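Coordinate inspection notes
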Amino acid sequence: MATTSNPDTPAPDADEARLHTLGYAQELRRSMSGFSNFAVSFTIISVLSGCLTLYGFGMKTGGPATMVWGWPLVGFFVVLVGLGMAEVCSSYPTAGGLYYWAAKLAPRNGPAWSWFTGWFNLVGQVAVTAGIDFGAALFLNAFLDLQFGFAATPGHTILLLGIILVVHGALNTFGVRVVSILNSVSVWWHLVGVLVIVAVLVVVPDEHQSASFVFGEFVNDTGWASPVYVFLIGLLLAQYTLTGYDASAHMTEETKDAAVAGPKGIVNSILVSLAAGWVLLIGLTFAIQDYDGAVGSETGVPPAQVFIDAVGATGGKLLLLIAIGAQLFCGMAAVTGNSRMIYAFARDGAIPGSRVWHRINKRTRTPTNSVWLAAAGAFLLAVPYLWSATAYAAVTSIAVVGLYTAYVIPIFLRVRQGDAFERGPWHLGRWGRPIGIVATAWVAFIFVLFMLPQAAPITLDSFNYTPVAFLVVLGGAALWWFASARKWFTGPKVQGTAEELAAVEKDLDLPG
């Protein structure tokens, strides 16, 4: 496709030209560096969010042995998933990401593959955003309880969640440059924060757990008799933490040298998070002074109790603030990635009210309406916590199942294409298919695993609601598809000819 036929219109650069060949105008401002692209995914993975938020779950579901050894085990397979995604991202660097890839890679029925991939990705991202900011609210509530007596109740936690989401929505409304700067700060906050927390937990306490405890102690407070089963469901801590790196793909329309920077952002965010997360888990577990006391902490945040027991009330609160800061950065980045996916899906007409959600703020060149839809969706998903504490565990499982289902579909389709796959500048060479096969098998395994009951006996309070939520999403998407969408949803749309794309871009450059 020619990029322009008007001599008065400047020729697009390589990134814009590539986006034009994919069918889209450069509506979003392309100002992010490769580091900033990496920073978004690294911030969303956030080991200081996922690891610490689910640490209490891990303490009861396999204990130290599962947490410490489950991390590198899950990490190995997540790297393979990330590599498979990165290769496809290089071929199709567009904000639509996974659902766009599915449409282009499917040998037939591309719109259907795209439709279901998009909806799993959308729901998974909303769940991740809900889980991250809920965790931040939970930790902030614990701090406020310890410092000011603001009781750690479900009502207070949901109130704080609402405030946090409003702040994150506002920050994302200001524009990609503000978010980019904050994400760059976030990288160093996370890395230095992990080092500070671990260093303090190593140096200050008079006593530490033994290496045999940290690397070998198995704890089963689930009610299930099988240690193998408990170990496997305990992998949720690692698998939930290592999600969200598709954000690098969703930010490619705002990233320079996107066909290389996007794939690198995906892979490097996983690798750096793996190293930082393992150090954090080992350091925190060595510092446990009272295991049962931490599990039953009145604040509902076991890591906070570990901090306080290990270094005292003042030091513990300071370490807790480091974690809260990281979680707030993480939630902000999650809203960013989620909003770009909503924007792209709406651009192709796949969301009710698509014209509203696709609208771009001319001043900031950001999808402001999509930002607020992402924040509102996350809040609504977390509200059931007011009635059931099990709701949060369900949200984390929904995030894992939804996102990884969306992650694996384009990888599976790429495997089916074999040598017919058109590689981008960043690719895996002859390793593409075998890596894709193993990644697909792993996701199929965890798909079943995280649908299973996590505690016994199975009651209304302990029931794993993930299958119900998954069936609601699948059923809703399928019902809408067969009743209506299959007649009009044709997959990712082409916005127009080269001249029409240039006109869209010119209009956005006019004063708003």
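Each remark here, short or long, concerns the structure printed above.
I will try to describe carefully the structure that is included in this document. (Residues numbered from 1 in each chain as written. Predicted model: local features only at pLDDT ≥ 70, side-chain atom pairs only at ≥ 80, totals over all residues. Heavy atoms only, no water.)

1. Re the overall build of the protein chain
- Helix and strand counts for the protein chain come out as 23 helices and 2 strands.
- Seen through its C-alpha atoms, the protein chain measures out along the principal axes to roughly 75 × 45 × 40 Å.
- For the protein chain, buried positions account for 61% of its 512 residues.
- Within the structure as shown, the protein chain displays about 19,000 Å² of accessible surface, and the carbon and sulfur contribution to it stands at 66%.
- Of the side-chain charges in the protein chain, 26 are positive and 29 negative, and the distance between the mean point of each set is 12 Å. (Helix = DSSP H or I, 4+ residues; strand = E, 2+ residues; numbered from the N terminus. Buried < 20%, exposed > 50% of the residue type's maximum accessible area, 1.4 Å probe, protein only. Areas by Shrake-Rupley, 256 points an atom, 1.4 Å probe, with all protein chains shown as cover. Lys, Arg positive; Asp, Glu negative; His and termini not counted. Charge placed at Lys NZ, Arg CZ, Asp CG, Glu CD.)

2. Topic: the state of the cysteines
- Applying the stated criterion across every chain, the model contains 0 disulfides.
- Free cysteine: Cys-89, not disulfide-bonded; nearest cysteine sulfur from Cys-330 at 20 Å.
- Cys-89 sits in the buried class, given a relative accessible area of 0%.
- Between Cys-330, a cysteine without a disulfide, and Cys-51, which holds the nearest cysteine sulfur, the sulfur-to-sulfur distance is 11 Å. (Disulfide = S-S within 2.5 Å.)

3. Describing unusual backbone geometry
- A cis amide bond links Ala-456 to the next residue, Pro-457, at an omega of -5 degrees.
- The phi dihedral of Ser-46 falls on the positive side, at around 40 degrees, and the residue is not glycine.
- Structurally, Ser-46 is set in the loop between helix 2 (34-45) and helix 3 (47-53).
- Here Ser-46 falls in the buried class, since its relative accessible area comes to 0%.

4. Some remarks on the packing of aromatic side chains
- Per the stated rule, a full pass over the model turns up 35 aromatic pairs.
- Considering the side-chain rings of Phe-38 and Phe-42, the 5.5 Å spacing of their centres and the 20 degrees angle between planes classify their relative orientation as stacked. With Phe-38 and Phe-42 both in helix 2, this residue pair falls 4 residues apart, about one helical turn. For the pair formed by Phe-38 and Phe-42, the shared burial category is buried.
- Geometrically, the ring pair formed by Trp-115 and Trp-488 is edge-to-face, given 6.1 Å between the ring centres and 85 degrees between the ring planes. Here the residue Trp-115 occupies a position in helix 7 (residues 110-148), and Trp-488 occupies one in helix 22 (residues 466-488), the gap between them amounting to 373 residues.
- Three or more aromatic residues joined by ring pairs make a cluster, and in this case those are Tyr-99, Trp-115, Phe-116, Trp-119, Phe-345, Trp-480, Trp-481, Trp-488 and Phe-489.
- Positioned above the aromatic ring of Tyr-24 is the side chain of Arg-347, whose terminal nitrogen or guanidinium carbon lies 3.6 Å from the ring centre. (Phe/Tyr/Trp six-rings, centres within 6.5 Å; stacked < 30°, edge-to-face > 60°. Lys NZ or Arg CZ within 6 Å of the ring centre and 35° of its normal.)

5. So, the pattern of salt bridges
- Scanning the entire structure with this criterion turns up 4 salt bridges.
- Residues Glu-87 and Arg-414 are paired through a salt bridge, measuring 2.8 Å at the closest nitrogen-oxygen approach. In this pair, Glu-87 sits in helix 5 (residues 63-91) while Arg-414 sits in helix 20 (residues 390-417), placing the two residues 327 residues apart along the sequence. (Salt bridge = Lys/Arg side-chain N within 4 Å of Asp/Glu carboxyl O.)

6. Examining helix 21 (residues 432-449)
- For helix 21, with 18 residues, the first-to-last C-alpha span of 26 Å sits near the 26 Å given by 1.5 Å per residue.
- Where helix 21 is concerned, the buried positions are Gly-432, Ile-435, Gly-436, Ala-439, Thr-440, Trp-442, Val-443, Ile-446 and Leu-449. (Expected span 1.5 Å × (residues − 1).)

7. Considerations on the nonpolar core
- By size, the foremost hydrophobic cluster in this structure holds 156 residues, and its most contacted members are Trp-101 and Tyr-245.
- Looking at which element gives the most residues to this core, the answer is helix 7, with 19 residues.
- If near-sequence neighbours (up to four positions away) are discounted, Tyr-245 is found in contact with Ser-41, Ile-45, Val-78, Val-81, Gly-82, Met-85, Ile-266, Ser-269, Ile-270, Tyr-404 and Tyr-407. (Core = buried A, V, L, I, M, F, W, Y, C linked by side-chain atoms within 4.5 Å. Contact = heavy atoms within 4.5 Å.)

8. Considerations on helix 19 (residues 368-382)
- With 15 residues, helix 19 extends 22 Å from end C-alpha to end C-alpha; this agrees with the ideal 21 Å at 1.5 Å per step.
- Buried within helix 19 we find Thr-368, Ser-370, Val-371, Ala-374, Ala-375, Ala-378 and Ala-382.
- On its buried side, helix 19 packs onto helix 7, helix 8 (154-173), helix 17 (313-347) and helix 18 (354-358).

9. Here's the deal with the side chain of Arg-347
- Note on placement: Arg-347 falls in helix 17.
- Arg-347 sits in the buried class, given a relative accessible area of 7%.
- A polar side-chain atom of Arg-347 sits 2.9 Å from a polar atom in the side chain of Glu-253. (Polar contact = N/O pair within 3.5 Å; in protein donor to acceptor, adjacent residues only side chain to side chain.)

10. A few points about the packing of helix 7 against helix 17
- Where helix 7 contacts helix 17, the axes come no closer than 9 Å and their chain directions differ by 160 degrees. Classified by the angle their axes make, helix 7 and helix 17 are roughly antiparallel. Pair helix 7 / helix 17 crosses with left-handed handedness. (Axes fitted to C-alpha atoms, helices over the stretch in contact; angles between N-to-C directions. Parallel < 35°, antiparallel > 145°, perpendicular 65-115°, else oblique. Left-handed = near helix turned anticlockwise from the far one by under 90°.)

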